[in-house]
Amino acid sequence: MKRGLKIALVQLAVGSDKAKNVAAAVQEIHKAKEKGAQLVALPECFNSPYGTKYFEEYAEEVPSGETSRALSKAAAEAGVCVVGGTVPERCGSRLYNTCAVWDSNGKLLAQHRKIHLFDIDIPNKITFKESEVLSPGDQLTTFQFNGIKIGLGICYDLRFCEMAHIMAKEGCSLLIYPGAFNMTTGPKHWQLLARARAVDNQLWVALVSPARDQTASYVAWGHSLLVDPWGAVTGQLEHVPDALHATIDLNTVEEVRSQIPIRMQRRTDIYDTVKKSKQ
Ligand SMILES: NC(=O)CCC(=O)C(=O)O
């Protein structure tokens with residue numbers, strides 16, 4: 001018997017008009033529902049241009065801000081789970097890069113703050129320092145929807161294999177990363193990292209990017225994609241606004257895990273990946 005979850009990865013065009021960005025997201029959630037999606041995932045930084053100079057201006061409280069309220073309402077009206085990409089979140093004097101997840105009644109299911117901030121310096125290519133304005137989150141985030149345990153990461157979080165490994169160990173069959181790689185690292189690492197996390201952990205991996213805007217100060221790579229637990233890319237968009245529809249088949253997770261049983265073959269007497277509990 002096929003046990004599946006129908007998902008839509010929505011590669012939104014993001015501009016400087018916040019209300020327009022949010023309205024476009026709401027419209028795409030309804031469109032995805034019409035095409036049969038049960039879970040709709042949006043990109044990193046979908047209500048604001050991506051860049052440290054924008055975060056303060058576009059930031060809102062989560063879940064009480066206007067973007068959260070619009071997504072919660074859209075999730076309830078469409079009757080779908082919404083993995084709400086990310087927004088710059090204001091919490092007291094701090095800003096975070098945050099993904100909120102809404103169930104099909106519009107109730108907040110999960111809230112993940114990006115743990116690994118995007119601070120890189122590739123001379124003559126790209127220098128970016130999220131930590132100039134953002135604070136890092138300090139916990140891993142998983143949630144259940146329709147009997148499937150799903151783990152969340154945000155963009156640069158994808159580079160950290162320990163995080164994915166722990167979420168897999170905690171029972172996740174699907175990891176979703178709203179992300180916005182760029183024109184330097186995107187072609188080199190975007191698909192490679194998604195396939196690596198999928199094959200290492202024998203689960204589904206979905207990456208959701210904004211569409212590319214050549215006029216933006218940060219040009220996103222696009223290419224939202226889905227990788228299966230064998231490490232095969234089962235669907236990938238180009239760089240223009242679009243949506244990827246697919247079914248997450250849980251049988252594939254069990255098939256790979258039983259046929260290649262690395263989960264039982266780890267030499268944890270020699271090494272381990274442990275989750276530290278917060279004091
Ligand atoms: N928004 C991000 O975290 C970008 C990450 C990225 O581009 C990378 O190469 O990593």
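Before reading on, note that the structure itself is shown above.
In this report, the structure presented in the accompanying data block is examined. Keep in mind that what you see is a predicted model, and the values were worked out from it rather than measured.

Section: the pattern of salt bridges
Overall, the coordinates contain 12 salt bridges when judged by the stated rule. For lysine 18, the salt bridge goes to glutamate 60, with nearest N and O atoms at 2.8 Å. Of this pair, lysine 18 sits in helix α1 (residues 18-34) while glutamate 60 is found in the loop between α2 (52-58) and α3 (66-78), placing the two residues 42 residues apart along the sequence. The shortest N-O distance in the salt bridge between arginine 197 and aspartate 200 comes to 3.8 Å. Taken together, the residues span about one helical turn, with arginine 197 and aspartate 200 both in helix α5 (residues 185-201) at a distance of three residues.

Looking at α1
End to end, α1 covers 25 Å across 17 residues, agreeing with the expected 24 Å (1.5 Å per residue, within 8%). If you check which residues of α1 are buried, you get Lys18, Asn21, Val22, Ala25, Glu28, Ile29 and Ala32. Projected down its long axis, α1 shows its buried positions confined to an angular sector of 120°, all on one face. Opposite its buried face, α1 presents the exposed residues Ala19, Lys20, Gln27 and Glu34, each directed more than 90 degrees away. Elements in contact with the buried residues of α1: β1 (4-11), β2 (39-41), α2, α3, β3 (81-83) and β15 (242-249).

A word on helix α6 (residues 250-259)
What α6 keeps buried is the set Leu250, Thr252, Val253, Val256 and Arg257. Looking straight down α6, one finds its buried side chains confined to an arc of 160°; they lie on one side. In α6, the exposed positions that point more than 90 degrees away from the buried face belong to Ser258 and Gln259. As for α6, its buried residues are in contact with β10 (148-152), α4 (161-169), α5, β12 (204-208), β15 and α7 (262-265). Two or three places before asparagine 251, at the start of α6, stands the capping residue aspartate 249, its side-chain oxygen 2.9 Å from that residue's backbone nitrogen.

Quick notes on the packing of aromatic side chains
The full count for this structure, using the stated rule, is 10 aromatic pairs. Each ring, one from tyrosine 156 and one from phenylalanine 160, has its centre 5.6 Å from the other, and the planes form 70°; the classification is edge-to-face. Exposure remark for phenylalanine 160: the relative accessible area of 26% places this residue in the partly exposed category. Within the aromatic cluster, the residues linked to one another by ring pairs are Tyr50, Phe55, Phe118, Phe128, Tyr156, Phe160 and Tyr218.

A look at the side chain of histidine 223
Considering the arrangement of structural elements, one finds histidine 223 in the loop between β12 and β13 (225-227). Not counting residues up to four positions away in its chain, the partners in contact with histidine 223 are Gln11, Trp190, Arg212, Gln236, Leu237, Glu238 and His239.

Quick notes on the site of the ligand
The environment of the ligand is made up of Glu44, Tyr50, Lys114, Phe118, Cys155, Tyr156, Arg159, Ala180, Phe181, Asn182, Thr185 and Tyr218. The side chain of asparagine 182 places a nitrogen or oxygen atom 2.9 Å from an oxygen atom of the ligand. Tallied by class, the residues present in the shell around the ligand amount to seven nonpolar, two polar and three charged.

Describing empty space enclosed by the protein
All told, the structure shown has one cavity of 30 Å³ or more when counted by the stated rule. One number sums up the size of the largest cavity: a volume of about 60 Å³. Taken together, Phe46, Val62, Thr67, Ser68, Leu71, Gly84, Val87, Thr98, Ala100 and Trp102 form the lining of the largest cavity. Secondary structure elements with two or more residues in the lining of the largest cavity: α3 and β5 (94-102). Taken together, the residues that form the lining of the largest cavity break down as six nonpolar, four polar and no charged.

Definitions and limits used
Residues numbered from 1 in each chain as written. Predicted model: local features only at pLDDT ≥ 70, side-chain atom pairs only at ≥ 80, totals over all residues. Heavy atoms only, no water. Salt bridge = Lys/Arg side-chain N within 4 Å of Asp/Glu carboxyl O. Helix = DSSP H or I, 4+ residues; strand = E, 2+ residues; numbered from the N terminus. Expected span 1.5 Å × (residues − 1). Buried < 20%, exposed > 50% of the residue type's maximum accessible area, 1.4 Å probe, protein only. Arc of directions from axis to C-beta. Contact = heavy atoms within 4.5 Å. Polar contact = N/O pair within 3.5 Å; in protein donor to acceptor, adjacent residues only side chain to side chain. Phe/Tyr/Trp six-rings, centres within 6.5 Å; stacked < 30°, edge-to-face > 60°. Near = heavy atom within 4 Å. Nonpolar A, V, L, I, M, F, W, Y, C, P; charged D, E, K, R; others polar. 1 Å grid on protein atoms, 1.4 Å probe; cavity = no way out; pocket = protein on both sides within 12 Å on 5 of 7 lines; lining within 4 Å. Points joined across faces, edges and corners; volume = space filled by probe spheres on them.

Any link to function would need more than the numbers given here.
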